[in-house]
Amino acid sequence: MTTATTTRPLVFLALPQEVAARLATQFLLAIAGTLLLTLSAKTKVMLGPVDISMQTLAVLLIAAAFGMRLGVATLLLYMAEGAMGFPVFQGTPEKGIGIAYMLGSTGGYLAGFVVMAAIVGWAADRGWDRHPIKLFNAMLVAEVVMMVMGFAWLALLIGPEKSWQFGVVPFIVGDLIKVALAASLVPAVWSLLKRS
């Protein structure tokens, strides 16, 4: 195996060594992650004509802290909760629940969150979570991929022009701020841990 291709993300500092306890802790962390995702989806900030949730920030932070495997598992558990009808998404239950909601206008963004977690988690597994510039670049790529997936799905439903106008443009500034914030927070935590 090549030298130092994989390091451990933040959460692994707190995991027990014993296998059963480690798995139980990871399961509890995934549950906690889905609760954070739900809270972040319901937390809205008015920035212009649209409500912007804190969900993208939560996905970025979870992926950077958990790494790829646990990060993606957490997002898949969150999607499963939503598919089962739990009101975990931003527009639920007001705009529907379950699979019907997931196949609606936000479907591409929801799928994009899983890919976003994979990209950022992959970067964290390689130690990029300790370097603000590297982490920012990985998070920016993940953000763009998620937005492309959301745009493409929405374009199928309402056309590309409206999809761009209502599904991308209003979110660019807010999402860039969230990427910059997440890319600063995680390396800052690593710096604090090194000092202690």
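A brief look at the structure comes next. Predicted model, so just to flag it, every value in this text is computed and none were measured. Along each chain, the written sequence defines residue order, and numbers are assigned to residues from 1. Whole-chain, interface and lining totals are the exception, using all residues; otherwise, since this is a predicted model, local features are given only for residues with pLDDT of at least 70 and side-chain atom pairs are given and counted only at 80 or more. By convention in this description, side-chain values take in all heavy atoms of the structure and omit both hydrogens and water.

## Focus on the overall build of the chain
Helix and strand definitions follow DSSP, with helices as H or I runs of at least four residues and strands as E runs of at least two, each counted in order from the N terminus. A tally of helices and strands in the chain yields 7 helices and 2 strands. Secondary structure elements of the chain, listed N to C terminal, follow the sequence α-β-β-α-α-α-α-α-α. The reference for a compact globule is 2.2 Å times residues^0.38; the radius of gyration itself is calculated from the C-alpha atoms. Taking 196 residues into account, the globule formula puts the C-alpha radius of gyration at 16 Å, and the chain, at 17 Å, falls close to it. Seen through its C-alpha atoms, the chain measures out along the principal axes to roughly 50 × 35 × 35 Å. Three exposure classes are used, based on accessible area relative to the maximum for each residue type with a 1.4 Å probe and protein chains only: buried under 20%, partly exposed in between, and exposed over 50%. The burial tally for the chain puts 43% of its 196 residues in the buried class. For this analysis, residues touch if any pair of their heavy atoms sits within 4.5 Å. In the chain, the share of contacts with a sequence separation of at least 24, taken over all contacts with a separation of at least 6, comes to 69%. Values of accessible area rely on a 1.4 Å probe in the Shrake-Rupley scheme; residue burial ignores everything except the protein chains shown. Roughly 10,200 Å² of accessible area belongs to the chain as shown, and the carbon and sulfur atoms make up 74% of that amount. Positive residues here are Lys and Arg, negative ones are Asp and Glu, while His and the chain termini are left out of the count. For charged residues, the charge sits on one atom: NZ in Lys, CZ in Arg, CG in Asp, CD in Glu. Within the chain, the 9 negative side-chain charges are centred at a point lying 7 Å from the centre of the 13 positive side-chain charges.

## Notes on the packing of aromatic side chains
Working definition: a ring pair exists when centres of Phe, Tyr or Trp rings (six-membered ring for Trp) sit within 6.5 Å. Plane angles under 30 degrees give stacked, over 60 give edge-to-face, the rest tilted. Tallied over the entire structure, the rule returns 4 aromatic pairs. Both rings, one in Phe89 and one in Tyr101, keep their centres 5.6 Å apart while their planes meet at 15 degrees; by these two values the pair is stacked. Of this pair, Phe89 sits in the loop between α2 (55–83) and α3 (98–102) while Tyr101 sits in helix α3, placing them 12 residues apart in sequence. Of the two residues, Phe89 and Tyr101, both sit in the buried class. With a centroid separation of 5.6 Å and an interplanar angle of 75 degrees, the aromatic rings of Trp122 and Trp128 are classed as edge-to-face. Residue classification places Trp122 among the partly exposed positions, given a relative accessible area of 36%. Taken together, the ring pairs in this structure connect Tyr78, Phe89 and Tyr101 into an aromatic cluster. Geometrically, a lysine NZ or arginine CZ counts as sitting over a ring once it is within 6 Å of the ring centre and also within 35 degrees of the ring normal. In this arrangement the basic side chain of Arg8 is found over the ring face of Phe12, its NZ or CZ atom lying 4.9 Å from the centre.

## Here's the deal with the side chain of Ser40
Tracing the sequence through the fold places Ser40 in helix α1 (residues 19–42). The exposure class of Ser40 is buried, given its relative accessible area of 6%. A polar atom in the side chain of Ser40 sits 2.8 Å from the backbone oxygen of Leu37. Setting aside its immediate chain neighbours within four residues, Ser40 contacts Ser53, Met54, Gln55 and Ala58. Between N or O atoms, a polar contact is any pair within 3.5 Å; within protein, one atom must be a potential hydrogen donor and the other a potential acceptor, and residues adjacent in sequence are included only when both atoms are from side chains.

## Re unusual backbone geometry
Cis geometry marks the peptide bond from Thr92 to Pro93; its omega dihedral reads 0 degrees. Examined against the element boundaries, Pro93 turns out to sit in the loop between α2 and α3.

## Considerations on the nonpolar core
Ranked by internal contacts, the top residues of the largest apolar core, which has 44 residues, are Leu75, Met79, Phe89, Phe113, Val120 and Met139. Where this core is concerned, the elements lending two or more residues are α1, α2, α3, α4 (107–125), α5 (132–158) and α7 (172–195). No other element matches α2, which puts 14 residues into this core. Once residues lying within four places of it in the same chain are set aside, the contact partners of Val120 are Leu60, Ala63, Ala64, Leu135, Ala138, Met139 and Ala142. Here, nonpolar core refers to any group of buried Ala, Val, Leu, Ile, Met, Phe, Trp, Tyr and Cys residues whose side-chain atoms link them within 4.5 Å.

## Re the environment of Leu135
Of note, Leu135 is situated in helix α5. Distance from Leu135 to Gln26, taken between C-alpha atoms, is 23 Å for residues 109 residues apart in sequence. In contact with Leu135, not counting residues within four places along its chain, are Val120, Trp128, Asp129, Ala182, Ala183, Val186 and Pro187.

## Quick word on the packing of α1 against α2
Taken N-terminus to C-terminus, the directions of α1 and α2 make an angle of 95 degrees; their axes are 8 Å apart at the nearest point. On the basis of their axis angle, the class for α1 and α2 is roughly perpendicular. Together, Gln26, Leu29, Ala30, Ile31, Gly33, Thr34, Leu36, Leu37, Thr38, Ser40 and Ala41 of α1 and Gln55, Ala58, Val59, Ile62, Phe66, Leu70, Thr74, Leu75, Leu77, Tyr78 and Glu81 of α2 make up the contact between the two elements. Looking at the contact of α1 with α2 residue by residue, the class counts come to 14 nonpolar, 7 polar and 1 charged. The angle between two axes is taken between their N-to-C directions and runs from 0 to 180 degrees, where each axis is a line fitted to C-alpha atoms and a helix contributes only its stretch in contact. For classification purposes, angles smaller than 35 degrees are called roughly parallel, those larger than 145 roughly antiparallel, those between 65 and 115 roughly perpendicular, and all remaining angles oblique. Here the nonpolar group is Ala, Val, Leu, Ile, Met, Phe, Trp, Tyr, Cys and Pro; Asp, Glu, Lys and Arg are the charged ones; every other residue, Gly included, is treated as polar.

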